Amino acid sequence: MSVSASIGYFLPELILAGAAIAVLIAGLFIRNKAVLGALCLAAIILSICNMPHSFQATGPLFSNMLINDSFSEFFKEITLLVMGLVILISIGYKPLDDESAGEYYFLLMSAAVAMMLAAASDNLIMIYISLEAISLISYILTAFLKHNRSSSEAALKYFLFGTLSTGVMLYGISFIYGLFGTTDLSAISSALLSSGVNGLAASVSLILIFAGLSFKCALIPFHMWVPDTYQGAPTPITAFLSAGPKAIGFAILIRIFLKNFFPMFPDWVDIVQAVSIITMTAGNILAINQEDIKRMLGYSSIAQAGYILIGFVVGTSLGIQAVMYYIIAYVLMNIGAFGCVILVFNSIKSDCIEEYSGLSRREPALAFCLTVFLLSLAGIPPLAGFFGKFMVFAAAIQSKYYMLAIAGVINSVLAVFYYVKVIKFMYLNDPRTSVKEPKPFPAKLAIIIALIGILVIGLFPVPFINWIGNSLL
Amino acid sequence: MPFPLLTAITFMPLLAGIIILLVPKNRTGLIKGIATAATGIVLVLSILMLTGFDYNSSAMQFSENLSWIPQVNINYHLGVDGISIGLIFLTALLGFLACVGSYGIKERQKEYYFLYLLLNTGMLGTFLALDLFLFYVFWEVVLVPMYFLIGIWGGPRKEYAAIKFFIYTLAGSVFMLLSILALYFASQPHTFNMLELASGNCGVFAKGFQIIVFAGFYLGFAIKVPVFPFHTWLPDAHVEAPTPISVLLAGVLLKMGGYGFFRISYPILKDAAIYFALPFAILGLINIVYGAFVAMAQTDFKKMVAYSSVSHMGFVMLGLASMTITGFNGALLQMFNHGIITGGLFLLVGVLYDRAHTRDIDKFGGLGAKMPVYAGVLTVFTLASLGLPGLSGFVSEFMSLMGGFISFRLITAISVLGIVITAGYFLYMIQRVLLGPLNNAWTGISDINKRELFTLVPLMAVVIAIGVYPLMILNYQSAAIAKLIQDIGGLLL
């Protein structure tokens, strides 16, 4: 489709880009993070309203650089959900001052545009560029608390690992270009089907690309940045990093590996299966002894990525649906949990799990919400996290990946140790302080949305499964 | 559409729990009132269910079946038959009495009653669900409130006991989840409906497949029962849990495992059930004899009752292993009787602990003179538990053993020893607690009060009634049991 015809399908991204610039300029005059945040939220809602709602693929945009299909639209909507929640909890995050709020939102909105582009890219170079854009913005956001040493350290670690892995990915893409003479994914697919390819070279390049994406999804062994970055980054950014780029990473994995390179499925599936088992097991084991809740949630998010990867390894329609369902659930429960962490931090100035002692007595509603999020992450029915796991395991059993299913359930038991540890401190131990801070409304709103979300999609998943079913590739 | 009786039974406690969340936490009288009323209504509804139940029919009654998640063929499917009806009544009765028994809890009452009611919904739902997915959801819903109830209101080692209970049961149930999924994908058309899977309309499963799936379910159920060697969570959880929660733990939660064998493992996986009959009998024997010996060694009153549960649940395993109508009837009745008797015993331990603040059997003595009513009630329950003819425990143990004798003579013969040992430790306990010279520390101890008596008298009435006229409950279950044995191909004896 030509550029002018494509614009019509590109409105959501344009609205966000416009809002990003507007908020940057407005930030010079309005030094108030709540007002600027509301502006961003308005743009996000406007953007959702302008989604093309193409439940069937309507074809390529911008000379085959982007594709407009329902699969990318699903992930664009997830992106906007993540962004909306992150902005809400950012408004309630105390260490973020009003002075720099304009820049902060500008970066977040730009990241949203980059993520939406990444979800819709149909060309390896386009994927690379948009991923690099997400990464660069994430580095800055991680370091956003300029006077906080651990924030800067977190960003540096993130940056070093990030450049390495994107370099590896670019190297893989160069192999693909050498093999096919193009970076256009549709063209590669048809070439792969019609004429075949040197299997070894293609496998090597796929593994390199997988490595690059593993960094985004925080899969082992590309997870080393996670604990320090999650701990050091401003908490809303930690929530963002744990949800947004990860969801996009999975979207791209599915697009490249299960759509375009599906004929080579047997060549890479064993490696990815091993990565999945190692990721969830190591993530869970490392999480058990953490004392900082952000670090613990960091390791937990590694383990969660391992479960999501099960659906990807299986690769069937049910597997992909499981991945997509799990991602909705994961986004809600993870951002919800980080939202609670922010509110606790506002009053006790600590992220130490032991400081959560007696939270149920001090702040019963907040403790209840965090408990629900943690139980959902642990996969206790009837919450959304359970149904996500259920679908992932169902996909594995259906396709006879028994090892994966067994590893998955053993890990769900292992994970209970550290999720319940937090609950234990909140409910079983006595409070140490009686400090009570007023809770900002936007952050409360984000937590309530997430809470209702995981209850509704856990108890009544029917419309969500339909939505996902209509959004498959 | 008829009145959804089973939905009302299941969700009445949850509804009341949500109402309690809206009540200010200092209105404790109101909170107790709501909880008592809700569990009372459940009891009344379950009696309505008993009266409306046609016990000549082995089919599901009061069924409700609504589509829940049609994409994967999951239904909201409830129903009651002869196998579940007794356990539902048991749950409703103990749920109500333990709620009255909870009045002694003085701390964080709002949270307590909310969790207590949530637990009730989970237990009732587990016995009523006929869809494997729904069953699993209710099964897991039980875990969370139980964790809090032990962890917050428990004894000195409550944190350890609570997490141990949580991890053990979850570890078992996740394998059950895999078995549920395996059944779903093996059936044609794919279904989670227990009745369809058992009827053979969805294809017959190969024996090797059945054995693996059976093993998955077994882990889930055996940990709950608990079958040796998975029983180690039970004494910890029982000793630390507050009295009313011990009552539900022993009275109802253990039955969830046994019920799972009756409802899922045996009817759906018939070949595997026959294949595993001998191991079941041996495990039953170990439970009976080993549990009894360990109970004998206890000085903690509550721990002794806890291990006696392990021993008594062995009769359920033995009855199941026998594959006979008598054995099955005995096993099912044993679950009901054990719930009533052990529930009563835990209440009695609680009565003593509330006054003496110790459970060490050796520290008591001569209480029979100071607490005559208590002594009388304790004696009745103890005699029922050790299987005195004329009381309910005797009937079900006798039937289990009789069924077992048809299939496994030697194992049953050794199992009978368990009854002797049980008589030994219970009578020895009576001797040390009620008889002998009065320990001077307890001169000021008061007898059982009216509220405590109120929670015990109904249980005592059931114990005596079933002991004298067991048909009044056997009538409910015999048609369903006969059909089950016929379907499995067991012995019609």
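Please read all numbers here as calculations on a predicted model, not as lab measurements.

So, on to the overall build of chain B. The helix and strand inventory of chain B stands at 21 helices and two strands. Taken over C-alpha atoms, the radius of gyration comes to 21 Å for chain B, in line with the 23 Å a tight globule of 493 residues would show. For chain B, the spread of C-alpha atoms along the principal axes amounts to about 70 × 60 × 40 Å. By the burial criterion, 60% of the 493 residues in chain B qualify as buried. In chain B, 80% of the contacts between residues at least 6 apart in sequence involve partners at least 24 apart.

Next up on the list: the overall build of chain A. The helix and strand tally for chain A stands at 20 helices and two strands. For chain A, the C-alpha radius of gyration of 21 Å lies close to 23 Å, the compact-globule estimate for 473 residues. Taking the principal axes of the C-alpha coordinates as reference, chain A spans close to 70 × 55 × 40 Å. Taking all 473 residues of chain A together, 59% fall into the buried category. Taking the intrachain contacts of chain A between residues at least 6 apart in sequence as the baseline, contacts between residues at least 24 apart amount to 80%.

Let us now look at unusual backbone geometry. Residues Val225 of chain B and Pro226 of chain B are joined by a peptide bond in cis, for which omega reads -10°. Mapped onto the elements, Pro226 of chain B comes out in the loop between helix 9 (207-224) and helix 10 (233-240). Even without being a glycine, Lys349 of chain A presents a positive backbone phi close to 55°. Its location among the elements puts Lys349 of chain A in the loop between helix 14 (317-348) and helix 15 (359-362). With a phi close to 55°, Phe62 of chain B is a non-glycine residue in the positive phi region. Looking at where Phe62 of chain B falls in the secondary structure, it is placed in strand 1 (residues 61-69). A count of 21 C-beta atoms within 10 Å places Phe62 of chain B in the buried class.

Let us now look at the environment of Asp351 of chain A. Residue and element names in this part refer to chain A. In this fold, Asp351 is placed in the loop between helix 14 and helix 15. Under the C-beta neighbour-count criterion, Asp351 is labelled buried, with 21 such atoms within 10 Å. Ignoring any residue separated from it by four or fewer positions in sequence, one finds Asp351 in contact with Asp292, Ile293, Lys294, Val341 and Phe345.

Bringing the nonpolar core into the picture now. Counting 380 residues, the largest nonpolar core has Met109, Tyr326, Ile327, Val331 and Phe393 of chain A together with Leu149 of chain B as the members making the most contacts within it. Looking at this core element by element, the count peaks at 22 residues for helix 14 of chain A. When neighbours within four sequence positions are excluded, Tyr326 of chain A is seen to be in contact with Tyr307, Ile308, Gly311, Gly388, Met391 and Val392 of chain A.

A few words on the interface of chain A and chain B. Taken together, the 21 residues of chain A in the interface contact 24 residues of chain B. Residue assignment for the side of chain A that touches chain B shows that the elements contributing at least two residues are helix 17 (384-398), helix 18 (402-428) and helix 20 (462-470) of chain A. For the side of chain A that touches chain B, the leading source of residues is helix 18 of chain A, giving ten residues. Looking at the side of chain A that touches chain B, its residues break down into 18 nonpolar, two polar and one charged.

Residues and elements named next belong to chain B. Counting buried positions along strand 2 (residues 74-80) yields five of seven residues, so the element is predominantly enclosed. Pairing geometry for strand 1 and strand 2, over six bridges, is antiparallel. Among the inter-strand pairings, Gln61 is bridged to a residue of strand 2, identified as Val80. Turn length for the strand 1-strand 2 hairpin, with the two strands adjacent in sequence and antiparallel, is four residues, and the turn residue Asn73 shows positive phi of about 55°.

All names here are of chain B. Of note, Phe89 is situated in helix 3 (residues 82-101). With 21 C-beta atoms packed within 10 Å, Phe89 lands in the buried category. Residues Phe89 and Phe336, spaced 247 residues apart in sequence, show a C-alpha to C-alpha distance of 9.1 Å. In this structure, Phe89 is in contact with Ser46 and Leu50, ignoring residues within four places of it in sequence.

Attention shifts here to the packing of helix 17 (residues 372-385) of chain B against helix 20 (residues 450-468) of chain B. Residues and elements named next belong to chain B. Running from N to C, helix 17 and helix 20 point in directions that differ by 40°, and their axes come no closer than 11 Å. In terms of their interaxial angle, helix 17 and helix 20 are classed as oblique. Between helix 17 and helix 20 lies a crossing whose hand is left-handed. Facing Val377, Val380 and Ala384 of helix 17, the residues of helix 20 in contact are Leu456, Met460 and Val463. Looking at the contact of helix 17 with helix 20 residue by residue, the classes come out as six nonpolar, no polar and no charged.

Below, the discussion takes up helix 21 (residues 471-488) of chain B. Helical geometry: 3.6 residues make up each α-helical turn, so side chains three or four residues apart lie on a common side. All names here are of chain B. For helix 21, with 18 residues, the first-to-last C-alpha span of 24 Å sits near the 26 Å given by 1.5 Å per residue. The largest bend in helix 21 amounts to roughly 40° and is located at Gln477. By the burial criterion, the buried members of helix 21 are Ile473, Leu474, Tyr476, Gln477, Ala480, Ile481, Leu484 and Ile485. In this fold, the buried residues of helix 21 make contact with helix 3, helix 11 (243-268), helix 15 (325-356) and helix 20. Just beyond helix 21, the residue with positive phi is Gly489, at close to 90°.

Mapped onto the secondary structure, Asn470 of chain A falls in helix 20. Separated by 399 residues in the primary sequence, Asn470 of chain A and Phe71 of chain A have C-alpha atoms spaced 8.3 Å apart.

Residue-level pLDDT values for chain B average 90, and 100% of them are 70 or greater. Across the interfaces of the predicted complex, the ipTM metric reaches 0.92, alongside a pTM of 0.93.

Another point: the packing of helix 10 of chain B against helix 14 (residues 301-322) of chain B. Residues and elements named next belong to chain B. Following both chains from N to C, one finds helix 10 and helix 14 inclined at 140°, their axes separated by 9 Å at the closest point. As summarised for this structure, helix 10 and helix 14 are arranged oblique, according to the angle between their axes. Once helix 10 is placed against helix 14, the crossing between them reads as right-handed. Judged by residue contacts, Leu234, Pro235, His238 and Val239 of helix 10 engage Lys302, Lys303, Ala306, Tyr307, Ser309 and Val310 from helix 14. Looking at the contact of helix 10 with helix 14, its residues break down into six nonpolar, two polar and two charged.

Conventions adopted
- Residues numbered from 1 in each chain as written.
- Chains lettered and ligands numbered in written order.
- Predicted model: local features only at pLDDT ≥ 70, side-chain atom pairs only at ≥ 80, totals over all residues.
- Helix = DSSP H or I, 4+ residues; strand = E, 2+ residues; numbered from the N terminus.
- Rg over C-alpha atoms; globule rule 2.2 N^0.38 Å.
- Buried ≥ 20, exposed ≤ 12 C-beta atoms within 10 Å, placed from the backbone.
- Contact = placed C-beta atoms within 7 Å.
- Core = buried A, V, L, I, M, F, W, Y, C linked by C-beta atoms within 7 Å.
- Nonpolar A, V, L, I, M, F, W, Y, C, P; charged D, E, K, R; others polar.
- Pairing = 2+ DSSP bridges.
- Axes fitted to C-alpha atoms, helices over the stretch in contact; angles between N-to-C directions.
- Parallel < 35°, antiparallel > 145°, perpendicular 65-115°, else oblique.
- Left-handed = near helix turned anticlockwise from the far one by under 90°.
- Expected span 1.5 Å × (residues − 1).
- Bend = angle between axes of the 7 residues up to and from the residue.
- pLDDT = per-residue confidence, 0-100.

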